Amino acid sequence: MAKPESGMKITAVAVRIPARASVEPCTSVLCAQLFTHRFYNWPFIRTWNKFLYGGFILKFILGLIIGILILPICGYFYFRFGYAPVATAAAPMPFEKKMASMALRARIRAEAPKSSPIQADEPNLTAGAKTYVVNCAFCHGLPNLPSTAASKGMFPVPPQLFNPDDMVTDDPVGTIYWKVDNGIRMTGMPSFNKSLSTTEMWQVSLLLNKADKLPDSAKAALNPTVAAPAKK
Ligand code: HEC
């Protein structure tokens, strides 16, 4: 370009910016599909291309990091701003029941004993009934009686284990035992391994496993009018 002489007024400068080497016409299939080379040099397309294909690795890593962080961040805000249900009367968290029972099933499948070391005979079932009345009836109810006030207000509501709809007679006895032994976290179902002996836990598990076909002595032990100590 000629050097402007003194007194000469520059009114306009036309500069042609050469296409940068990094924005070569694309050869990849994806690129060719999105942008034909015909439009390649249009200013807007060039910027877009640069954004799409320039520093790809850097953007990929950045995206990956954001992707990894976004879930925990959303989770934090969910709890931080009080969206997570904390009252027993509140609706369950999204997928709460599904996730919790999935985790529980997986754990039980791996850890529950396969069979009971003691027999489901009358003495064991009757002993189980006595353990049940003292330790479990408060939450899980007794045959032919309405559920207790406390159990109605729990979340989740404890199943009424002598109500035919809630009985666990289809569960393997080892599964019942696992629950009595370990408890179920954040449900109110306690673990009894510090307060009951192994035999007592098996007896009460057998009782629930056979809840629909109990001998009369076990039924009597579950009946508060018979089981309660005589009043003076
Ligand atoms: C403080 C209340 C409470 C007491 C006491 C209690 N449980 Fe539970 N139990 C629960 C709750 C709540 C659940 C429901 C857990 C769930 O939904 O996952 C439960 C669940 C269970 C289950 C699983 C039922 C099913 O449908 O799969 C069994 C079996 C069980 N309890 C046995 C017992 C036995 C046996 C005792 C006494 C030794 C006992 N529980 C004492 C609250 C209690």
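Residues numbered from 1 in each chain as written. Predicted model: local features only at pLDDT ≥ 70, side-chain atom pairs only at ≥ 80, totals over all residues.

## Regarding the overall build of the protein chain
Next, step 1: A tally of regular secondary structure across the protein chain gives 11 helices and zero strands.
Next, step 2: N-terminal to C-terminal, the α/β element order of the protein chain is α-α-α-α-α-α-α-α-α-α-α.
Next, step 3: For the protein chain, with 232 residues in total, the buried portion stands at 16%.
Next, step 4: Contacts in the protein chain between residues at least 24 apart in sequence constitute 61% of all its contacts with a sequence separation of at least 6. (Helix = DSSP H or I, 4+ residues; strand = E, 2+ residues; numbered from the N terminus. Buried ≥ 20, exposed ≤ 12 C-beta atoms within 10 Å, placed from the backbone. Contact = placed C-beta atoms within 7 Å.)

## What to know about the site of the ligand
Next, step 1: The local shell around the ligand holds 21 residues, among which Cys-136, Cys-139, Pro-158, Thr-187 and Met-189 are the closest.
Next, step 2: For the shell around the ligand, the elements supplying multiple residues, two or more each, are α6 (137-140), α8 (173-182) and α9 (198-209).
Next, step 3: Here the residues of the shell around the ligand are counted per class, giving 16 nonpolar, four polar and one charged. (Near = placed C-beta within 6 Å. Nonpolar A, V, L, I, M, F, W, Y, C, P; charged D, E, K, R; others polar.)

## Quick look at the confidence of the model for the protein chain
Next, step 1: Summing up the model confidence of the protein chain, the mean pLDDT is 85 and the portion of residues at 70 or higher is 80%.
Next, step 2: Within the protein chain, the lowest mean pLDDT, 58, falls on helix α1 (residues 29-34), and the highest, 98, falls on α9. (pLDDT = per-residue confidence, 0-100.)

## Topic: the environment of Lys-210
Next, step 1: Mapped onto the fold, Lys-210 is located in the loop between α9 and α10 (216-222).
Next, step 2: In sequence terms Lys-210 and Val-173 are 37 residues apart; their C-alpha atoms lie 9.1 Å from each other.
Next, step 3: Once you skip the residues sitting within four places of it in the chain, Lys-210 turns out to touch Ala-120, Leu-125 and Thr-169.

## Some remarks on α9
Next, step 1: Between its terminal C-alpha atoms α9 stretches 16 Å, which fits the 16 Å expected from 12 residues at 1.5 Å a residue.
Next, step 2: Residues of α9 that are buried: Met-201, Trp-202, Gln-203, Val-204, Ser-205, Leu-206, Leu-207, Leu-208 and Asn-209.
Next, step 3: The secondary structure elements touched by the buried residues of α9 are α5 (122-135), α8 and α10. (Expected span 1.5 Å × (residues − 1).)

## Observations regarding unusual backbone geometry
Next, step 1: In the segment running from Phe-155 into Pro-156, the intervening peptide bond is cis, with an omega of -5°.
Next, step 2: Relative to the elements of secondary structure, Pro-156 occurs in the loop between α7 (149-152) and α8.
Next, step 3: Here the phi dihedral of Phe-95 falls at roughly 65°; this positive angle occurs in a residue that is not glycine.
Next, step 4: Topologically, Phe-95 is positioned in the loop between α3 (56-80) and α4 (96-111).

## Structural notes on the packing of α8 against α9
Next, step 1: Running from N to C, α8 and α9 point in directions that differ by 130°, and their axes come no closer than 9 Å. Classified by the interaxial angle, the pair formed by α8 and α9 is oblique. As α8 runs across α9, the sense of the crossing is right-handed. Together, Val-173, Ile-176, Tyr-177, Val-180 and Asp-181 of α8 and Met-201, Trp-202, Val-204, Ser-205, Leu-206, Leu-208 and Asn-209 of α9 make up the contact between the two elements. (Axes fitted to C-alpha atoms, helices over the stretch in contact; angles between N-to-C directions. Parallel < 35°, antiparallel > 145°, perpendicular 65-115°, else oblique. Left-handed = near helix turned anticlockwise from the far one by under 90°.)

## Some words on the nonpolar core
Next, step 1: Residues Ala-129, Tyr-132, Tyr-177, Val-204, Leu-207 and Ala-218 are the most contacted members of the largest nonpolar core, which totals 24 residues.
Next, step 2: When residues of this core are traced back to their parent elements, those giving at least two are α5, α8, α9 and α10.
Next, step 3: Examining the composition of this core, we find that six residues originate from one element, α9, more than from any other.
Next, step 4: Look past the residues within four positions of Leu-207 in its chain and what remains in contact with it is Leu-125, Gly-128, Ala-129, Tyr-132 and Ala-218. (Core = buried A, V, L, I, M, F, W, Y, C linked by C-beta atoms within 7 Å.)

## Details of α3
Next, step 1: With 25 residues, α3 extends 35 Å from end C-alpha to end C-alpha; this agrees with the ideal 36 Å at 1.5 Å per step.
Next, step 2: By the largest-angle criterion, Ile-70 marks the main kink of α3, which is about 30°, and a proline, Pro-72, follows within four residues.
Next, step 3: With zero of 25 residues buried, α3 is to be regarded as a mostly surface element.
Next, step 4: Positive phi appears at Gly-82, one or two residues downstream of α3, with a value of about 75°. (Bend = angle between axes of the 7 residues up to and from the residue.)

## Thoughts on the environment of Tyr-78
Next, step 1: For Tyr-78, the position within the fold is in helix α3.
Next, step 2: For Tyr-78, a count of 13 C-beta atoms within 10 Å corresponds to the partly exposed category.
Next, step 3: Beyond its immediate chain neighbours, meaning those up to four positions away, Tyr-78 contacts Tyr-83 and Ala-84.

## What to know about the packing of α5 against α9
Next, step 1: Contact pair α5 / α9: the axes reach a minimum separation of 7 Å and the direction vectors enclose 100°. In terms of their interaxial angle, α5 and α9 are classed as roughly perpendicular. Note on element contacts: α9 touches α5 through Glu-200, Gln-203, Val-204, Leu-206 and Leu-207, opposite Asn-124, Leu-125, Ala-127, Gly-128, Ala-129, Thr-131 and Tyr-132.
Next, step 2: In terms of residue class, the contact of α5 with α9 is built from seven nonpolar, four polar and one charged.

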